[in-house]
Amino acid sequence: MMNILLIGSGGREHALAWKIVQSTQCDRLYIAPGNAGTALCGTNVALAATDFAAVREFVLSHSIGLVVVGPEEPLVKGIVDIFRNDAALQHVAIIGPSQYGAQLEGSKAFAKKFMMRHGIPTAAYREFDAASYDAGIAYLQQHSLPIVLKADGLAAGKGVLICNSAEEAIEEFGLMLQQSKFGDAGRKVVVEEFLSGIELSVFALTDGREYVLLPEAKDYKRIGEGDTGLNTGGMGAVSPVPFADAAFMKKVETTIVRPTIEGLAAEKIDYKGFVFFGLIKVGDEPYVIEYNCRMGDPETEVVMPRLKTDMVELFMATAQGKLSSVKVEQDERVACTVMAVSGGYPGDYKKGFAISGLDQPLPAESLVFHAGTAQKDGAVVTSGGRVLCVTSYAMSIPAAVNQSKEVLKKISFDGMYYRKDIGFEF
Ligand code: AMP
Ligand code: GLY
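Just so it is clear, the structure is predicted and the values come from calculations on it, not from any experiment. Numbering of residues begins from 1 in every chain and follows the order in which that chain's sequence is written. Whichever chain is written first becomes A and whichever ligand is written first becomes 1, with later ones labelled in order. Whole-chain, interface and lining totals are the exception, using all residues; otherwise, since this is a predicted model, local features are given only for residues with pLDDT of at least 70 and side-chain atom pairs are given and counted only at 80 or more. Calculated side-chain values reflect all of the structure's heavy atoms, with hydrogen atoms and water omitted.

S.K.: How would you summarise the packing of aromatic side chains if you had to cite specific residues and measurements?
M.R.: The relation between two aromatic rings is expressed through the spacing of the ring centres and the mutual angle of the planes. Each Phe, Tyr or Trp ring, with Trp reduced to its six-membered ring, pairs with another whose centre is within 6.5 Å; inter-plane angles below 30 degrees give stacked pairs, above 60 give edge-to-face pairs, and intermediate values give tilted ones. Summed over the entire model, instances satisfying the criterion amount to eleven aromatic pairs. Geometrically, the ring pair formed by F274 and F315 is edge-to-face, given 5.9 Å between the ring centres and 85° between the ring planes. Of this pair, F274 sits in strand 16 (residues 271-282) while F315 is found in helix 11 (residues 311-319), placing the two residues 41 residues apart along the sequence. Here the two residues F274 and F315 agree in accessibility, since each one is buried. Between Y345 and Y349 the ring centres are 6.3 Å apart and the planes differ by 65°, which places this aromatic pair in the edge-to-face class. Taken together through their ring pairs, the aromatic side chains of F128, Y133, Y139 and F173 make up a single cluster. The rule is short: NZ of Lys or CZ of Arg within 6 Å of the ring centre and within 35 degrees of the ring normal puts a charge over the ring. Directly above the ring of Y220 sits K218, whose terminal nitrogen or CZ lies 5.1 Å from the centroid. One cation-aromatic arrangement involves R333 over Y393; the distance from NZ or CZ to the ring centre is 4.0 Å. Numbering of helices and strands runs from the N terminus; a helix is a DSSP stretch of H or I covering at least four residues, while a strand is a stretch of E covering at least two. Whether a residue is buried, partly exposed or exposed follows from its accessible area with a 1.4 Å probe, protein chains only, as a fraction of its type maximum: under 20%, in between, or over 50%, in that order.

S.K.: Quick one: what's the story with the site of ligand 2, residue by residue and with numbers?
M.R.: The full set of residues close to ligand 2 is D219, K221, G233, F276, R294, G296, D297, P298 and E299. D219 places a side-chain nitrogen or oxygen 2.7 Å from a nitrogen atom of ligand 2. In the analysis that follows, any N or O atom pair within 3.5 Å is treated as a polar contact, provided that within protein one partner can donate a hydrogen and the other can accept it, and provided that, for residues neighboring in sequence, both atoms belong to side chains. At 2.9 Å from a nitrogen atom of ligand 2 is found a main-chain nitrogen or oxygen belonging to D297. For ligand 2, the protein covers 86% of the area, taking 200 Å² as the surface of the free molecule. In this classification, Asp, Glu, Lys and Arg are treated as charged, Ala, Val, Leu, Ile, Met, Phe, Trp, Tyr, Cys and Pro as nonpolar, and every other residue, Gly included, as polar. Partitioned by chemical class, the residues of the shell around ligand 2 number two nonpolar, two polar and five charged. Here, proximity means that at least one heavy atom of the residue falls within 4 Å of the molecule or strand. Only the protein chains shown count as cover for residues, and all accessible areas are computed by the Shrake-Rupley method using a 1.4 Å probe.

So, in structure tokens, the structure goes:
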């Protein structure tokens, strides 16, 4: 039994917390800073995810044996290195890559070079910075359309632009490199070939040598029905993915997952955590669109419910380099989640609206995961764009989605919106 600290505050963290507290190895669970949903699984603590001095102090004073890092920012800022380099923290298991390894997500140019070194299929690309600005313009002028531009660093999900003309691409390229459109994140720009296909998310946990695969998932990124309108952090997710059959998943494993983990090992990168493969299926072939060094959100809200294996056992095997000895068991059922968001999201929206219907008795096959919620004067109120999601199990995607929609009908807050078409293929 051990005390566990989970860092983060979204739907992903509520789903992780829900799963972690089911473990026989979990004594106390703390979530920093958490939300109104994680407070139902453990104790929320008012620590910022990137206040490493405060995290260190909390870990020592609360005898934490395992730290699970949910979001990318603390990883990209080096939280794992802080633990590795501090004698007082060496006995604490921490899930996540080193700062160097987190560049798989934190630097698109780093990820591209890594894929090139290891022969991992991805879109053709070139990288440019202020010094190679003129060469970049010349490259854009002769590039086939559309052109994909990516700010190198973390840009809160806004750093990818798909440009339909060379003029548009040249303008955006200039804004990034000369006007700091994305700040430091855009000091380097990756120019990439556009791939046309259907996307899915594949998740591995690795100890840096071995890996296990978790259930795969597909998220629905656009705000509007029919997959239209602005990109969001994710409006829903399903698992498993209907078009990812066994033959395709085998290809994913042999051409992408295994070479990635072998690449990490060959380069001696300290990486004991999640690898999220953002993939696209072009014809029958998988390509990497991006790597993330964390779980996906809202994918976690369907992946954790489909995982039968004890999550703390998986985390400890990861931290101790013993993943070859564990087996992952999946629930046979489908899981789907539908996300309810604030009116106006992903643009401006208001917070602080009371949420009603959270005390309804839930059907046995449904779960409510909080994302942007907070407790205020004894009530649960909205505190983010993505507010909460309802995950349901069933034997088919439509049945699971319908079940989630039935539960959502009884939940309400001012301006609440959710897509009715999660689970459809576009
Ligand atoms: P990212 O921030 O890297 O996840 O990119 C955001 C979204 O842009 C992805 O989910 C894809 O839908 C799209 N995208 C990124 N790169 C490409 C590409 N090379 N071809 C087509 N679509 C892309
Ligand atoms: N749902 C996509 C992500 O977490 O980045």
